[in-house]
Amino acid sequence: MSTCLEDLPNELFVHLFSNYFHGVELYKIFSGLNIRFNNLLKLLNNIYIRLENSNDDQCLNFFSQKIHSLYIDSQHKSIHFLPLLINIRSITLVDPTIIQIINLLEISSYVERICIQWSNPYLINLISARSFYELIFSASSLENLRSCRLYLPENHSFYFEPKHCTLPLLHTIYVQITIPLADFRRIIRLCPNLIRLEIEIIDNGHSNNETIILLNHCEHRNIRQFHVYNLLSLDILEIYIDYFSKLTKLYISMKLTSYPLDVFKQISNLIHRIYHLKQFHFRFSTHCWNIGYQQLQILKQLNPFFENIHIENKNNEIVFIN
């Protein structure tokens, strides 16, 4: 006995619609087929919309009050419809324009997660990046922001940053920076209740020339997870970890500029200072090819966190992975 698609119960359709399709697909495939499907689509809540082409906009009016999460690809430059999305909580913009950033102000007071992605971190629209920086660190916007991903623009001026502005609800941030120490301190100061901090250092040829100034630092007692990608030196890491008295998870990726055994000894000394550390993950690469079995065993014995080290040969480099 054969079964037609229309014979399936409503509960199964709602489950399929909610878990296997995003809003544009639902609208293009199922809307307008019949009254039953239209009514089922209207029962859905917390819809994810992925806008990749201009003709994807047709679904926005249909789902406007149900859209919870929105992704806008770089090929889709419109954002005028945002004020209609009264229940939006999460937005991702790829290579945003200045107009898109400005329009975010229309809904910024109730957005909880904003992600700005750049196709190429070395070819960024700095005007848009600075505008977004102004947006998230302005005293009147994004008061409910809990998670954010952004690029901190090169050569940004301090006047972009209101002196008394903080983001008290922000718990997670992924930030691409070009000034490893100054930008780090700024994020720490403006986001007092961070739990997870991820930093990617964009090496523009000048990043490693930042003068290291010893300043009185303020411990950040809430951060439990710290990820740093493309770390330029362990001197920077040493300053970073002094801020984290309660850190439990640390992830590092970097290129080793000196002999690996010396670097691992220095890292071992650093993580011994993180008293609450439970997880340490790393990905290091080096051009030093004279790492044999005996040297690897020495590395593993330096610290309990190094016990699971293994080596991959990749792109003419040795890569250490935990």
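Residues numbered from 1 in each chain as written. Predicted model: local features only at pLDDT ≥ 70, side-chain atom pairs only at ≥ 80, totals over all residues. Heavy atoms only, no water.

By the naming in an unreviewed UniProt entry, the protein goes by F-box domain-containing protein and is assigned to Adineta steineri.

*Asks:* Before we go on, may I ask you to explain the overall build of the protein in this structure?
*Replies:* Summing up its helical and strand segments, the protein has ten helices and twelve strands in all. By the burial criterion, 46% of the 322 residues in the protein qualify as buried. Within the protein, contacts between residues at least 6 apart in sequence are counted, and of these 61% link residues at least 24 apart. With an accessible surface of roughly 16,600 Å², the protein has 50% of that area assigned to carbon and sulfur atoms. (Helix = DSSP H or I, 4+ residues; strand = E, 2+ residues; numbered from the N terminus. Buried < 20%, exposed > 50% of the residue type's maximum accessible area, 1.4 Å probe, protein only. Contact = heavy atoms within 4.5 Å. Areas by Shrake-Rupley, 256 points an atom, 1.4 Å probe, with all protein chains shown as cover.)

*Asks:* Could you clarify how one ought to interpret the packing of aromatic side chains in this entry?
*Replies:* The way to describe two aromatic rings as a pair is by their centre distance and the angle between their planes. Per the counting criterion, the structure on display carries 24 aromatic pairs. Relative to Y240, the ring of F184 has its centre 4.2 Å away and its plane inclined at 35°; by these criteria the two rings are tilted. Here the residue F184 occupies a position in helix α7 (residues 180–190), and Y240 occupies one in helix α8 (residues 234–241), the gap between them amounting to 56 residues. Judged by relative accessible area, F184 falls into the buried class, the value being 1%. Using a relative accessible area of 0% as the deciding quantity, one classes Y240 as buried. Arranged with centres 5.2 Å apart and planes meeting at 90°, the rings of F264 and F306 form a pair that is edge-to-face. (Phe/Tyr/Trp six-rings, centres within 6.5 Å; stacked < 30°, edge-to-face > 60°.)

*Asks:* Explain the packing of α8 against helix α9 (residues 260–271) here, please?
*Replies:* It is the contact of α8 with α9, at a shortest axis distance of 11 Å, that shows an interaxial angle of 5°. In terms of orientation, α8 and α9 fall into the roughly parallel class. Between α8 and α9, the contacting residues are L234, D235, L237, E238 and I241 on the first element and V263, Q266, I267 and L270 on the second. Taken together, the residues that form the contact of α8 with α9 break down as six nonpolar, one polar and two charged. (Axes fitted to C-alpha atoms, helices over the stretch in contact; angles between N-to-C directions. Parallel < 35°, antiparallel > 145°, perpendicular 65-115°, else oblique. Nonpolar A, V, L, I, M, F, W, Y, C, P; charged D, E, K, R; others polar.)

*Asks:* Mind showing me how you'd approach the nonpolar core here?
*Replies:* Note on soluble globular proteins: their nonpolar side chains tend to be buried together. Of all hydrophobic cores here, the largest spans 95 residues; its most connected members are I49, F132, L197, F226, F280, F284 and F320. A domain split of this core shows at least three residues from each of domain 1 (8–44) and domain 2 (48–204 + 215–321). (Core = buried A, V, L, I, M, F, W, Y, C linked by side-chain atoms within 4.5 Å. Domains from an automatic or database assignment.)

*Asks:* Sorry if this is basic, but what is going on with the environment of V111 here?
*Replies:* Locating V111 in the fold gives a position in the loop between α5 (98–104) and β4 (113–117). A relative accessible area of 0% places V111 in the buried class. Through-space distance from the C-alpha of V111 to that of I91 is 7.7 Å; in sequence the pair is 20 residues apart.

*Asks:* Would you explain helix α2 (residues 23–30) in this entry?
*Replies:* Because each turn of an α-helix spans 3.6 residues, side chains separated by three or four positions end up pointing in the same direction. The set of residues buried in α2 consists of G23, V24, L26 and F30. For α2, the secondary structure elements touched by its buried residues are α1 (10–20), α3 (35–43), β1 (47–51) and α4 (58–63). Just downstream of α2, G32 is the residue with a positive phi angle, here 80°.

*Asks:* I tried to follow unusual backbone geometry on my own but got confused; where do I start?
*Replies:* Within the chain, N46 stands out as a residue other than glycine whose phi angle is a positive 50°. A positive phi is found at D95, a non-glycine position, where the angle reads about 50°. Structurally, D95 is set in the loop between β3 (90–94) and α5.

*Asks:* What is the right way to look at the sheet that holds strand β9 (residues 249–255) in this model?
*Replies:* In any sheet, the strands associate via hydrogen bonds between backbone groups, in a parallel or an antiparallel arrangement. Pairing within the open sheet is mixed, and its twelve strands lie in the order β1-β2-β3-β4-β5-β6-β7-β8-β9-β10-β12-β11. Edge positions in the open sheet fall to β1 and β11 (310–314), since each of these has one partner strand only. In this sheet, adjacent strand axes meet at a mean angle of 10° when their direction is disregarded. Note: β9 against strand β10 (residues 279–286), seven bridges, orientation parallel. Of the residues in β10, the one forming a bridge with K249 is Q279. Contacts from α9 reach β9, β10 and β12 (317–321), with the element oriented near 160° to β10. (Pairing = 2+ DSSP bridges.)

*Asks:* Would you take a moment to explain the side chain of S128 for this structure?
*Replies:* Secondary-structure assignment places S128 in helix α6 (residues 126–136). A polar side-chain atom of S128 sits 3.2 Å from the main-chain amide nitrogen of I98. In this structure S128 touches P96, T97, I98, I101 and W118, once residues within four positions along its chain are discounted. (Polar contact = N/O pair within 3.5 Å; in protein donor to acceptor, adjacent residues only side chain to side chain.)

*Asks:* I would appreciate a short explanation of α8 in the present structure.
*Replies:* In terms of burial, α8 is largely enclosed, as six of its eight residues are buried. Regarding α8, the residues found buried are L234, I236, L237, I239, Y240 and I241. As for α8, its buried residues are in contact with β6 (172–177), α7, β7 (196–201), β8 (225–231), β9 and α9.

*Asks:* Explain the pairing of β9 here, please?
*Replies:* When a strand is regular, its side chains alternate between the sheet's two faces. Burial analysis of β9 places five of its seven residues in the buried class, the great majority of the element. Pairing of β8 with β9, which is carried by five bridges, proceeds in the parallel orientation. In the sheet register, F226 faces β9, and the bridge partner there is L250. In the classification by handedness, the crossover that spans β8, the intervening α8 and the parallel β9 is right-handed. (Right-handed = clockwise from strand over helix to strand, strands pointing away.)

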